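Take a look at the letters that make up each chain.
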Amino acid sequence: MNHPSYCHIVVLISGSGSNLQALIDASTTANFKISAVISNNQEAYGLQRAEKNNIPVQVIDHRSFETREDFDLILRKTIDEINPNLIVLAGFMRILGSNFVNHFSGRILNIHPSLLPKYPGINTHQRALDGGEQEHGVTVHFVTEALDGGPIIAQMKVPVLEEDTPDILAARVLNREHIIYPKTVAWFGAGRLRMEGTRAILDGEPLPPTGVQIKYEPIP
Ligand code: GAR
């Protein structure tokens, strides 16, 4: 039986799981607990991070299914059995279909490495450099049927420096991801955050289209 006073989350990953690690670290003192980690990739290093912290893991390999819908259905059934309050996509590199997304409507968060609505999809850091951006960053948003297009909850910006490569820029953004994701999950856990239609609502107020802008404060 899930402890009722915590927000129980399931984290979906595909790879390294550094955002998962940030959530694991935060969960020791925050209002949320990670009930399970699910990966579509057996090799995802994030699985080891979860196991090290005694978090149950499951692998559902998308390659074992004939269609996207078949994969989504098993994923949905697996999550329904766990019965979490929130599903947190943390570097989960599969597109989820409308049946899945609508089933869990308002209960799925995603983190995306760009200042949405700029640069949805992949290769965001390269594209931001190619686009001559002076600012880049990370967005947390509710997941809807629109790819990387659901209501935005929060963003953190980073400067783009002249000497940046995609990897250097990615590392700067990832560092902010590890701050912004636990923070927004905790908002949801505290009952402060919800999705209503096309808007994210925080503390009863609809958020602006690009969400809350969170400032980076380096530790002195
Ligand atoms: C993160 O940068 C995350 O924003 C990105 O994948 C990386 C996963 O890193 N997600 C997407 O691009 C989703 N469209 P992690 O496995 O170390 O958390």
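**Q** Pulling in residues and values, what's your account of the pairing of strand β5 (residues 108–112)?
**A** A large share of β5 lies buried, amounting to five of its five residues. As defined by bridge partners, strand β4 (residues 86–89) adjoins β5 across three bridges and the pair is classed as parallel. Directly across from V88, in β5, lies its bridge partner L109. For the segment spanning β4, helix α4 (residues 98–103) and β5, crossover handedness is right-handed. Here β5 pairs with strand β6 (residues 135–142) via four bridges, running antiparallel. Of the residues in β6, the one forming a bridge with H112 is T139.

**Q** Outline the site of the ligand, listing residues and values.
**A** What surrounds the ligand is the set S16, G17, S18, N19, G91, M93, I111, H112, P113, L174 and E177. In the model, an oxygen atom of the ligand is placed 3.5 Å from a nitrogen or oxygen of the S16 side chain. Within the side chain of S18, an N or O atom sits 2.6 Å from an oxygen atom of the ligand. For the ligand, the accessible surface in isolation is 450 Å², of which the surrounding protein chains cover 83%. Counting only elements with at least two residues in the shell around the ligand, the list comes to α1 (18–27), β5 and α6 (166–189). Of the residues assigned to the shell around the ligand, the class counts are four nonpolar, six polar and one charged.

**Q** Outline helix α2 (residues 45–52), supporting the account with residue identities and numerical values.
**A** Buried residues of α2: G46, L47, R49 and A50, and no others. Viewed end-on, α2 has its buried residues packed into an arc of 160°, placing them on one side of the element. Buried residues along α2 sit in contact with β1 (7–13), α1, β2 (32–39) and β3 (57–59). Directly beyond the C-terminal end of α2, a positive phi value near 55° is found at N54.

Thresholds applied
Residues numbered from 1 in each chain as written. Predicted model: local features only at pLDDT ≥ 70, side-chain atom pairs only at ≥ 80, totals over all residues. Heavy atoms only, no water. Buried < 20%, exposed > 50% of the residue type's maximum accessible area, 1.4 Å probe, protein only. Helix = DSSP H or I, 4+ residues; strand = E, 2+ residues; numbered from the N terminus. Pairing = 2+ DSSP bridges. Right-handed = clockwise from strand over helix to strand, strands pointing away. Near = heavy atom within 4 Å. Polar contact = N/O pair within 3.5 Å; in protein donor to acceptor, adjacent residues only side chain to side chain. Areas by Shrake-Rupley, 256 points an atom, 1.4 Å probe, with all protein chains shown as cover. Nonpolar A, V, L, I, M, F, W, Y, C, P; charged D, E, K, R; others polar. Arc of directions from axis to C-beta. Contact = heavy atoms within 4.5 Å.

Everything listed here is a matter of coordinates, which is why it stays silent on function.
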